[in-house]
Amino acid sequence: MNNYKITNLTSSKTYFLNEEELTNFFKKNRVQNYSITNLTEQKRIKRNKILDNIAMVCFFGATVLSTILIIENYY
């Protein structure tokens with residue numbers, strides 16, 4: 001179930017709605033007067049960026065450790 005942040009473009013009032021509430025909300029209001037942000041997707045993107053950073057740090061750490069092991073064993 002997705003969560004949405006709806007902002008009125010004229011009054012800047014903000015609503016936090018789920019999918020069901022969103023469909024009911026736009027039955028009464030015009031879509032063009034509102035900015036719609038999918039909060040579930042934003043949360044997923046943020047989490048993926050953090051996981052990408054962790055993967056890069058682990059890869060860098062593994063590279064440094066393997067270099068140190070090679071130097072210790074062969075020199």
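Look up: the structure comes first, before these words.
This text gives an overview of the structure that appears in the document. Everything numeric in this text was worked out from a predicted model, so none of it was measured.

## Points about helix α1 (residues 19–28)
And step 1. If you check which residues of α1 are buried, you get L22, F25 and F26. For α1, the angular spread of the buried residues around the axis is 90°, confining them to a single face. Those residues of α1 that are exposed and aimed more than 90 degrees away from the buried face are E20, K27 and K28.
And step 2. Those residues of α1 that are buried are in contact with β1 (3–8), β2 (14–18) and β3 (34–38).
And step 3. With a side-chain oxygen positioned 3.2 Å from the backbone nitrogen of E20, the residue opening α1 is N18.

## Overview of a nonpolar patch on the surface
And step 1. Together, F60, V64, L65 and I68 make up a nonpolar patch on the protein surface, roughly 390 Å² of accessible area in all.
And step 2. Assignment of secondary structure puts I68 in helix α2 (residues 39–74).
And step 3. Since its relative accessible area comes to 40%, I68 is described here as partly exposed.

Conventions and cut-offs
Residues numbered from 1 in each chain as written. Predicted model: local features only at pLDDT ≥ 70, side-chain atom pairs only at ≥ 80, totals over all residues. Heavy atoms only, no water. Buried < 20%, exposed > 50% of the residue type's maximum accessible area, 1.4 Å probe, protein only. Helix = DSSP H or I, 4+ residues; strand = E, 2+ residues; numbered from the N terminus. Arc of directions from axis to C-beta. Contact = heavy atoms within 4.5 Å. Polar contact = N/O pair within 3.5 Å; in protein donor to acceptor, adjacent residues only side chain to side chain. Patch = residues over 30% accessible without salt bridge, like charges linked within 9 Å, V, L, I, M, F, W, Y side chains within 5 Å. Areas by Shrake-Rupley, 256 points an atom, 1.4 Å probe, with all protein chains shown as cover. Salt bridge = Lys/Arg side-chain N within 4 Å of Asp/Glu carboxyl O.

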